[in-house]
Every structure is written in C-alpha cells, then in structure tokens.
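Topology and contacts: notes
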Amino acid sequence: MDKYVINGGSKLYGSVTVQAAKNSVLPLLAATVLTDGEVTLRNVPGITDVKNMVKILTRLGCKAVFSGNDLIIDSSTADCFEIPSELAHELRSSVFLLGSVISRFRTAKIAYPGGCDIGLRPVDLHLTGLKKLGVEITEENGYIICRCDSLRGDEIMLDCPSVGATENIMLAAVKAEGVTIIKNAAREPEIEDLQRFLNKIGANVKGAGSGTIVVRGVKQLGGCDYIPIPDRIEAGTFLIAAAMCGGEVELRQANAENISSLLHKLRENGCKIRINDDKIELESHRRLTSVKSIETQPYPGFPTDLQAQITALCCICRGQSIVTENLFETRFKYVPELRKMGADVTVINRNAFVRGVEKFKGATVVAHDLRGGAALVLAALAADGRSEILDISHIDRGYGSFEYKLRGLGGDIVRVSV
Ligand code: UD1
C-alpha cells in the first residue's frame, strides 16, 4: 500500500490544469451501455474509480481503450447484465449502471455497491424510481436483481434530491416508452453534463440544473465525441491548498461558476481571487481569518466533497469556525488525524467546532476516505516538518496525478510504495 511523505512549509506557485469531473465521467461511462455507437470521452483522469468502472464495462462485454487521456468506448458488443461483487464493492458508482443495464437487457444483477465509508449511503431512492418505471426488484445474497418486460415513463418525486438516484432514473428513462418526469431532482452541474451528453447521443432530456427533469423516451442512440465538465472538487482542493500554504496558484480549464460557494468563503477568509474565462487565480500571502460557519448543502450550496478540505483550512485560520455536515453522517473521520497534527477540533453530532491554531505540525496519519485523505495532504503541505499519509489508495480513487500536480506547484511530496 502506497503512502505519501510530505515535508511541509513550501508556498505554492504555478498553474494546474483541472481534470474532467470524476462525478461526470462515472455516470457518462454508465450511459455508454445504452448505445451501440462509439463514444470518445476527453481529458479523462487516470483515477481508480474510472479504472474500476472501465473494468466493469469490460466485464459487461463493452470494449474500452485509453488513448492518452481519451477513453474510447464501444458498447455494441455488450452481452452481460451482471456486475460481480468484487467489482461493485470497489466502486459505489457501479449502482449507476442499474438504469442503463436494465434499459439494455431488461435484466440487471448487481452486488450492493461499495465506495467511501462516509455514512449509510442507501440506494432506496434509486430503486423506488426504477420501480415506478416498471422494474421489479428483488434482493438475494447481497445482489439487487432487476427485471422488466418494458420500461414505461412515469412521474417520480424524489424524497431528497439525490445525485445518484436522479442520474440513474435519467439513464433508465432515456429509452423508456413515453415521458418520465423527475421532481425534486438534484441540480448538480454533473447532472446537466449528463443531460448534455445524452442529448448529444440522441436522447431527449430537458430541465437538468432545475428541480424538474423531463425525459422523453427515444428508440435509438448513437455515438459522440465529448469533453466532460471540469472537476469542481479537484479545482476546489487545489484552491484550498494554495490558501493554506500561501502563494499564487492558477487553475486552467476550471469553471468558477460551479464552485462559487467555495470562492465566496475563500474571499471571506482573505484570499484574493481573480477569474478570467476558464482560469481562476488565487493569492494568499498572510494568515487567513476564519469564516464563522460553513454548512454543506446540495448544489448550489457548499459541497460536502469539499467539507474536509475547508475544515483543514479553518484549523489554521485566526478565530473560530463551525462546519456542519448535512449530507453524510460519518464524514468527520479525518478529524482525529488532523488533531494528531495539532488541530483543535471537536466534533459533536453533525458539527465540527474549530479553534484556529497558528500551524499544523508534521505527523503520521491515515487516510480513511477520499476527501478526508485529501484534507490530510493539504494539512501536511502547510505543516511544519515531515508527515506521512498512510493508505492513500482512497486518494487515488479521485485525484489523478495528485502528487505530480502538487510538486509542479512546489509542494514537497513523494509517493512511497510500502
Ligand atoms: C454523489 C457524489 C458524491 C457526493 C454526493 C453529494 C458521485 C459519483 N458521487 O454521491 O461525491 O458527495 O453526490 O453531493 O456523483 N440518499 C438516500 N437514499 C438514496 C440515495 C441517497 O437517502 O437512495 C441520501 C444519502 O444518504 C445522502 C443524500 O441522499 O444523505 C445525498 O446523497 P446522493 O446525492 O445520492 O449522493 P451520491 O449520488 O451517492
């Protein structure tokens, strides 16, 4: 298992090109199962979540070839509707395949999904939505088994605006008979991206980005060449890194609109931010001031996927902050690790109460999940002294070339195979 060894204290200067959004690429890959046309996705990050999704597609009989950062998928040869447990457990997004696999084969069998251990993460809304479209669902020996004669559009009201459930229902509805209306749909930019992609291959989807999505079923889909949106969470992570370490960092191929909730907070902290088309520049030269409170919310609120990183920043700001996690109940597992690095944080229920300290100090800590792991890397880069971050496989799930990009900015970070 690899670890990072980090000597903290260097300021960060330079440019970073943002990868395509992990949370777009994964549902887009699921969507390729719907079509016999060839799909090329550009700027795809070499992260393990994508590699695992590609493994699953290959197991389903699709052909997938990487050419540099481009990924070419040909699903015309798909001939299998079962997603085996060893792969589904590696990747929660495997559940997004239910919608497209059932659409293609009228049957789908998938082991209960895995992914980050950040709370209960139920899939009830996915399954209720699919049932409304005519799917019969049974559960046997850790597998979800779906069957239907045909898929028929219907109106589906989500109890909460789940990103995954919205995407899964969109995928099942694209080739269903009639019209599907998803109400209280999630409004994340990745859902708009999925709509753009689906329409490009011939679907008829409207309303993504609002709370109501309307899908009119079509008979056939084709191929396309597609550039997914930039990864707002990777972009946010690099901006927070620059805010914590000090320096001047420019993001290229970024979308400022999609992270405006973060940019507001960073400006309140005292960072200077300039936006120029798809570039975002951040300057941070002094110790920053705490923002009083940050609460995670569905988009356009503050993203839960940046909660750990912003908490790490709060830990070294002047003053006190309260960070509230409203989406996933166990998303503070990184806090005891930050405390080993000198942070003064107490978690009570969904709130982290943070009193700013002058500096982190180097320590050996363990990454328990993807975003919590990234927060530890940022803390170590900003710390006095040497740190080791153990079990970085979680970080590899979501950040492509993380240490190369950070080294390019002047961070002293190396990967060591243990
Ligand atoms: C997606 C993102 C993840 C992000 C999250 C919230 C991907 C691959 N992952 O995850 O990075 O942290 O959105 O922005 O896109 N819920 C239910 N029942 C369900 C489904 C969800 O109760 O059937 C609840 C969840 O427990 C959670 C909330 O809804 O409290 C939001 O979860 P959801 O939006 O579904 O997150 P994911 O799609 O899993």
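No experiment lies behind these values; they were computed from the predicted model shown.

Concerning the side chain of T296
Examined against the element boundaries, T296 turns out to sit in the loop between β18 (293-295) and α10 (307-315). Reaching out from T296, the side chain makes a polar contact with the side chain of E325 at a distance of 3.3 Å. A distance of 2.8 Å separates a polar side-chain atom of T296 from the backbone nitrogen of N326. For T296, the residues in contact, after removing those within four places along its chain, are F302, P303, T304, Q307, T324, E325, N326 and L327.

A closer look at the packing of helix α5 (residues 124-132) against helix α6 (residues 163-173)
Contact geometry of α5 with α6 gives a least axis separation of 8 Å together with a crossing angle of 25°. When the axes of α5 and α6 are compared, the pair comes out roughly parallel. Relative to α6, α5 is oriented so that their crossing is right-handed. Only G164, A165, N168, I169 and A172 of α6 make contact with α5, whose side of the interface consists of L125, H126, G129 and L130. Partitioning the contact of α5 with α6 into residue classes produces 5 nonpolar, 4 polar and no charged.

Quick look at the sheet that holds strand β13 (residues 212-216)
The mixed open sheet is built from 4 strands, whose spatial order is β10-β11-β13-β12. Since the sheet does not close on itself, it has two edges, and those belong to β10 (155-157) and β12 (204-206), each with one partner. Looking at each pair of strands side by side, their axes are set apart by 15° on average, direction ignored. The pairing of β10 with strand β11 (residues 179-183) spans 3 bridges and is classified as parallel. Its bridge partner lying in β11, I156 is registered against I182. Together, β10, β11, β12 and β13 form the strand contacts of α6, whose direction differs from that of β11 by roughly 175°.

Examining the environment of G246
Tracing the chain through its elements places G246 in the loop between α8 (232-245) and β15 (247-252). Expressed as a C-alpha distance, the spacing of G246 and L288, which sit 42 residues apart in the sequence, is 9.5 Å. Beyond its immediate sequence surroundings of up to four residues, G246 is in contact with K11, L12 and S284.

Focus on the site of the ligand
Surveying the vicinity of the ligand reveals 19 residues, the closest of which are D124, L125, S162, D305 and L327. Between the ligand and the protein, one listed contact pairs an oxygen atom with a side-chain N or O atom of N23 at 3.0 Å. Within the side chain of D124, a nitrogen or oxygen atom sits 2.7 Å from a nitrogen atom of the ligand. Across the complex, the protein chains shield 86% of the 740 Å² of accessible surface that the ligand would expose by itself. Within the residue set of the shell around the ligand, elements represented by two or more residues are α5 and α6. For the shell around the ligand, the element with the most residues is α5, which contributes 3 residues. Looking at side-chain class alone, the shell around the ligand contains 8 nonpolar, 6 polar and 5 charged residues. Two domains each put at least three residues into the shell around the ligand: domain 1 (2-19 + 230-417) and domain 2 (22-218).

What counts, and at which threshold
- One numbering rule holds for all chains: residues counted from 1, following each sequence as written.
- For a predicted model such as this one, the threshold for reporting local features is a pLDDT of at least 70, and the threshold for listing and counting side-chain atom pairs is 80 or more; totals across whole chains, interfaces and linings nevertheless cover every residue.
- With hydrogens and water excluded, all non-hydrogen atoms of the structure serve as input to the side-chain values.
- Only DSSP runs of H or I reaching four residues or more are called helices, and only runs of E reaching two or more are called strands; each is numbered from the N terminus.
- We call two N or O atoms a polar contact when they sit within 3.5 Å, provided that within protein one can donate a hydrogen and the other can accept it, with sequence-adjacent residues counted only if both atoms are side-chain atoms.
- By the convention used here, residues are in contact when the closest approach between their heavy atoms is within 4.5 Å.
- Here the axes come from fitting lines to C-alpha atoms, over the contacting stretch only for helices, and the angles between their N-to-C directions go from 0 to 180 degrees.
- For classification purposes, an angle smaller than 35 degrees is called roughly parallel, one larger than 145 roughly antiparallel, one from 65 to 115 roughly perpendicular, and anything else oblique.
- Crossing chirality is assigned from the near helix's rotation relative to the far helix, an anticlockwise turn below a right angle marking it left-handed and a clockwise turn marking it right-handed.
- The residue classification treats Ala, Val, Leu, Ile, Met, Phe, Trp, Tyr, Cys and Pro as nonpolar and Asp, Glu, Lys and Arg as charged. All others, Gly included, are polar.
- By this definition, two strands are paired if DSSP reports at least two bridges between them.
- Throughout, near means a residue has at least one heavy atom within 4 Å of the molecule or strand.
- Areas reported here follow the Shrake-Rupley algorithm with a probe of radius 1.4 Å; residue values treat only the protein chains shown as occluding.
- Domain delimitation in this document rests on an assignment produced automatically or drawn from a domain database.

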